[in-house]
Amino acid sequence: MTQSWLGIDIGGTSTRFQIMDSDRQWQGFDKIATRSWATADDALSTLAGLIQAAVAKQNIHGVMLGLPGILSRDRRQVLSLPFIQALDHQPIAQLLSEKIGIPVAMDKDVNHLMLWDLMELPQLPDNAVGIYPGTGLGNSLWLNGQFYHGHHGSSGELGHIPLLHSASAAAPLPCPCGNHGCVETVTSGHWLSNWAQQHVPDTAMAQLFSRHHAHPDLQAFVQRLAQVIAIEINILDPEYLILGGGVLGMNAFPLSSLREQIIRHLRPPATRDGLKIIFSKATDYTGCRGACYAAERHFRRAL
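Because the structure is a prediction, the values reported are computed rather than measured. (Residues numbered from 1 in each chain as written. Predicted model: local features only at pLDDT ≥ 70, side-chain atom pairs only at ≥ 80, totals over all residues. Heavy atoms only, no water.)

## Focus on the overall build of the chain
For the chain, the helix and strand inventory stands at 10 helices and 12 strands. On C-alpha atoms alone, the chain measures out to a radius of gyration of 20 Å, which is about the 19 Å that the 2.2 N^0.38 rule sets for 303 residues. The principal-axis extents of the C-alpha atoms in the chain amount to approximately 60 × 45 × 35 Å. In the chain, buried positions account for 48% of the 303 residues. Restricting to contacts in the chain with at least 6 residues of sequence separation, those with at least 24 account for 62%. In the form shown here, the chain has an accessible surface area of approximately 14700 Å², with 50% of it arising from carbon and sulfur atoms. Of note, the chain has its 22 positive side-chain charges centred 3 Å away from the centre of its 25 negative side-chain charges. (Helix = DSSP H or I, 4+ residues; strand = E, 2+ residues; numbered from the N terminus. Rg over C-alpha atoms; globule rule 2.2 N^0.38 Å. Buried < 20%, exposed > 50% of the residue type's maximum accessible area, 1.4 Å probe, protein only. Contact = heavy atoms within 4.5 Å. Areas by Shrake-Rupley, 256 points an atom, 1.4 Å probe, with all protein chains shown as cover. Lys, Arg positive; Asp, Glu negative; His and termini not counted. Charge placed at Lys NZ, Arg CZ, Asp CG, Glu CD.)

## What to know about the sheet that holds strand S2 (residues 14-21)
By definition, the strands of a sheet pair up through backbone hydrogen bonds, in either a parallel or an antiparallel sense. On the basis of which strands lie adjacent, the open sheet formed by 5 strands has the order S3-S2-S1-S4-S7 and mixed pairing. Of all the strands in the sheet, the pair left with one neighbour each is strand S3 (26-33) and strand S7 (104-108). The average angle at which neighbouring strand axes cross in this sheet is 15 degrees, direction not considered. Strand direction decides the pairing type here: strand S1 (residues 4-10) and strand S4 (residues 60-67), joined by 6 bridges, are parallel. Across the sheet, the residue bridging to Ser-4 is Ile-60, located in S4. Of the strands in this sheet, S4 and S7 are in contact with helix H3 (residues 92-100), which crosses S7 at around 150 degrees. (Pairing = 2+ DSSP bridges. Axes fitted to C-alpha atoms, helices over the stretch in contact; angles between N-to-C directions.)

## Some details on the sheet that holds strand S12 (residues 276-279)
With respect to topology, 5 strands assemble into an open sheet ordered S10-S9-S8-S11-S12, the strand pairing being mixed. Looking at which strands have only one partner, the edges of the open sheet turn out to be strand S10 (146-147) and S12. Looking at chain direction, strand S9 (residues 137-143) and S10 are connected through 2 bridges and run antiparallel. Each bridged residue has a counterpart across the sheet, and for Leu-143 the counterpart in S10 is Gln-146.

## Looking at the packing of aromatic side chains
This model, assessed by the stated rule, comprises 9 aromatic pairs. Residues Trp-26 and Trp-116 carry aromatic rings whose centres are separated by 6.1 Å and whose planes lie at 50 degrees to one another, so their mutual orientation is tilted. In this pair, Trp-26 sits in strand S3 while Trp-116 sits in helix H4 (residues 109-119), placing the two residues 90 residues apart along the sequence. Classification of Trp-116 as buried rests on a relative accessible area of 15%. Measuring from centroid to centroid gives 5.7 Å for Trp-26 and Tyr-293, while their planes differ by 65 degrees, and the two rings are edge-to-face. (Phe/Tyr/Trp six-rings, centres within 6.5 Å; stacked < 30°, edge-to-face > 60°.)

## Concerning the nonpolar core
Counting residues in each nonpolar core, the largest one holds 35 residues, and the members touching the most others are Leu-192, Ile-229, Leu-241, Leu-243, Phe-253 and Leu-258. Residue contributions to this core peak at 9 residues, all from helix H7 (residues 216-236). (Core = buried A, V, L, I, M, F, W, Y, C linked by side-chain atoms within 4.5 Å.)

## Examining the side chain of His-112
Within the secondary structure, His-112 is located in helix H4. The contact partners of His-112, leaving out residues within four places of it in the chain, are Met-64, Leu-65, Gly-66, Asp-107, Thr-286, Gly-287, Gly-290, Ala-291 and Ala-294.

## A look at H3
Three or more residues of H3 are buried, namely Ile-92, Ala-93, Leu-96 and Ile-100. Angular distribution of buried residues about the axis of H3 spans 95 degrees; they occupy a single face of the element. (Arc of directions from axis to C-beta.)

## Some words on the packing of helix H5 (residues 189-199) against H7
The description of two helices packed together rests on the angle between their axes and the distance between the axes. Direction vectors running N to C along H5 and H7 enclose 170 degrees, while the axes themselves pass 12 Å from each other. On the basis of the axis angle, H5 is roughly antiparallel to H7. Touching Trp-191, Leu-192, Trp-195 and His-199 of H5 are Asp-217, Leu-218, Phe-221 and Arg-224, all from H7. Class assignment for the residues of the contact of H5 with H7 results in 5 nonpolar, 1 polar and 2 charged. (Parallel < 35°, antiparallel > 145°, perpendicular 65-115°, else oblique. Nonpolar A, V, L, I, M, F, W, Y, C, P; charged D, E, K, R; others polar.)

## Description of the pattern of salt bridges
As enumerated under the stated definition, the model contains 8 salt bridges in all. Arg-16 is paired through a salt bridge with Asp-9; the nearest N and O atoms lie 3.8 Å apart. For the pair Arg-16 and Asp-9, a shared accessibility class is recorded, and that class is buried. Notably, a salt bridge pairs Asp-284 with Arg-16, separated by 2.8 Å at the nearest N-O pair. With Asp-284 in the loop between S12 and helix H10 (286-302) and Arg-16 in strand S2, this residue pair connects regions lying 268 residues apart in the sequence. Under the relative-accessibility criterion, Arg-16 is labelled buried at 15%. Through salt bridges that share partners, Asp-9, Arg-16, Lys-31 and Asp-284 make up one connected network. (Salt bridge = Lys/Arg side-chain N within 4 Å of Asp/Glu carboxyl O.)

## Quick word on H4
Within H4, 8 of the 11 residues are buried, which leaves the element mostly enclosed by the surrounding structure. Those residues of H4 that sit buried are Val-110, Asn-111, His-112, Met-114, Leu-115, Trp-116, Asp-117 and Leu-118.

Dropping the structure here:
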């Protein structure tokens, strides 16, 4: 019997829907503004209505949500979702399942991006790290053949390790997590956007590196990002490092320089010589299609 799954990628800006059947054929892609439902008086019921509309003509066996925040270790509770506070501190999967009559599961959105990229490899590795700089610094850990969630569910928060600051350095910047001086504040698209507004306000963000790649501030940005990535690789020593995200997808982003600087900071000889670095070929579909793969793995295992 053919089965089908719905993958939903919920971002701060857009929400994407994709259906995949058990033959891995894609159907029913849709994309809407997240605020169109997240700002409703009853955001959860509005989202449930959108899901019901998406599956109305399909026999869907499970729904997988990708969320840009912190989830409990058992993936049943949203702990912190700064960009969509309407879903904070709720058992979202259970509540949605009760509303739509279909099993629902959820995970961090970056794990679905990572799963898509892992499925593009010749075979699934035992150990891999995914780092996806966007508005924040997305980080996914695939260890011993599965995603690692950590004891509390909040593993992979690479963007929230503290920066070391000298007395002569600028004051640590505030982070959306509530702390000050997290590396995400100076290694993300948010920092790039603020820098562009202050220094080159007439340049479109997509053209920032194509027009200003030689600026010392942007070169320092790439260096900081490489150092942060190398920290995690030196700790975990994975087989693969997968790099993606909106920042790295910007026109003329210096990928070769980033790669060289990461390697320069790796512990020789084994990690430096053996690490396989892959640049993700992400598209508008990647997150929700990765969610479909995750749904297939989750719900077939649950049978």
